[in-house]
Amino acid sequence: MISVNDFKTGLTIEVDGGLWRVVEFQHVKPGKGAAFVRSKLKNLRTGAVQEKTFRAGEKVAKAQIDNKKMQYLYDDGDNYVFMDMQSYEQIEMPKQQVAEEMLYVLENTELTVIMYGNEILGVDLPNTVTLEVAETDPNIKGDTSSGGSKPAVMETGLTVNVPFFVNQGDKLIINTQEGSYVSRA
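This text gives an overview of the structure that appears in the document.

What counts and what doesn't
- Within any chain, residue numbers begin from 1 and follow the written order of that chain's sequence.
- Totals for whole chains, interfaces and linings use every residue, but because this is a predicted model, local features are given only for residues with pLDDT of at least 70 and side-chain atom pairs only at 80 or more, for both listing and counting.
- Only hydrogens and water are set aside; all other atoms, that is, all heavy atoms of the structure, feed into the side-chain values.
- Throughout, nonpolar core names a set of buried Ala, Val, Leu, Ile, Met, Phe, Trp, Tyr and Cys residues whose side chains join them through atoms within 4.5 Å.
- To sort residues, take the accessible area from a 1.4 Å probe on protein chains only and compare it with the maximum for the residue type: under 20% means buried, over 50% means exposed, and anything in between is partly exposed.
- Each helix corresponds to a stretch of at least 4 residues labelled H or I by DSSP, and each strand to a stretch of at least 2 residues labelled E; elements are numbered beginning at the N terminus.
- Paired strands are those between which DSSP finds at least two bridges.
- To get an axis, a line is fitted to the C-alpha atoms, and for a helix only the part in contact is used. The angle between two axes follows their N-to-C directions and goes from 0 to 180 degrees.
- In this tally, Lys and Arg are treated as positive and Asp and Glu as negative; His is ignored, and so are the chain termini.
- Salt bridges are defined as contacts in which a side-chain nitrogen from Lys or Arg sits within 4 Å of a carboxyl oxygen from Asp or Glu.
- In what follows, residue pairs with any heavy atoms lying within 4.5 Å of each other are defined as contacts.

Observations regarding the nonpolar core
Thought 1: By size, the foremost hydrophobic cluster in this structure holds 27 residues, and its most contacted members are Phe-82, Val-113, Met-154 and Ile-174.
Thought 2: Ile-13, Val-15, Val-22 and Phe-54 belong to the second largest nonpolar core, which has 12 residues in total.

Following this line, the structure appears as structure tokens:
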């Protein structure tokens, strides 16, 4: 058991029979009444995000989550196939479970797969990834680096708004938390 006063971003807890990851939390001490913790939790099985308020000092169960290093091999149509880097065992993960995260991942990339016992919950992405621009509008003379943005489709199918000076074939660093352009690679 863990006190809600010890919440940290990324902590996984068991509440109401579900597995939840703490996305945000805020300790609130009103002038009148008891203190409480306002939190935003993401369900690791469904992906749903829910806001929940706990009384200060309330105890919740900490979930025992295993993080395994795995390599993303390929997409077989309905599933993504991963390989355990130690045992070379292959596992399949349904597309709908991690479709959004996989827009940032190329084949043969090493990732951390989140597991609860034998149940696969999802993948943990690095903060940034480097992807190549597959398609974007050409640069127009007179456009400046500080004057707006245009959409670009990356090699994985992800669409990102990029500055006008970015061309097809450029390698870019993309923030995986916000899905935004960071810089050229």
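Having seen the structure, we can now continue with the description.
Observations regarding unusual backbone geometry
Thought 1: Phi angles above zero are rare outside glycine, and Asp-16 is one such case at about 55 degrees.
Thought 2: Assignment of secondary structure puts Asp-16 in the loop between strand 2 (12-15) and strand 3 (18-28).
Thought 3: Phi angles above zero are rare outside glycine, and Asn-108 is one such case at about 70 degrees.
Thought 4: With respect to the helices, strands and loops of the structure, Asn-108 is situated in the loop between helix 1 (95-98) and strand 10 (110-116).

Notes on the sheet that holds strand 15 (residues 171-175)
Thought 1: Pairing is antiparallel across the open sheet formed by 5 strands, whose spatial order is 14-13-12-15-16. At either end of the open sheet lies a strand with only one pairing partner, and these are strand 14 (159-162) and strand 16 (180-184). Taking each pair of neighbouring strands and ignoring which way they run, the sheet shows an average axis angle of 50 degrees.
Thought 2: Examined bridge by bridge, strand 15 and strand 16 share 4 bridges and lie antiparallel to one another. Directly across from Leu-172, in strand 16, lies its bridge partner Arg-184.

Notes on the sheet that holds strand 9 (residues 90-94)
Thought 1: An order of 9-8-7-10-11 is seen for the 5 strands of this open sheet, with the pairing classed as antiparallel. Strands with a single pairing partner mark the edges of an open sheet, and in this sheet they are strand 9 and strand 11 (119-124). For this sheet, the mean inter-axis angle between neighbouring strands, taken without regard to orientation, is 45 degrees.
Thought 2: Here strand 10 runs beside strand 11; their pairing, made up of 5 bridges, is antiparallel. Pairing of Ile-114 across the sheet is with Gly-122, part of strand 11.

Notes on the side chain of Glu-101
Thought 1: In this structure, Glu-101 sits in the loop between helix 1 and strand 10.
Thought 2: For the buried Glu-101, no salt bridge is present, and the opposite-charge side chain at shortest range is Lys-42, 4.2 Å distant.
Thought 3: Sequence-distant contacts of Glu-101, defined by excluding residues within four places in its chain, comprise Lys-42, Val-123 and Leu-125.

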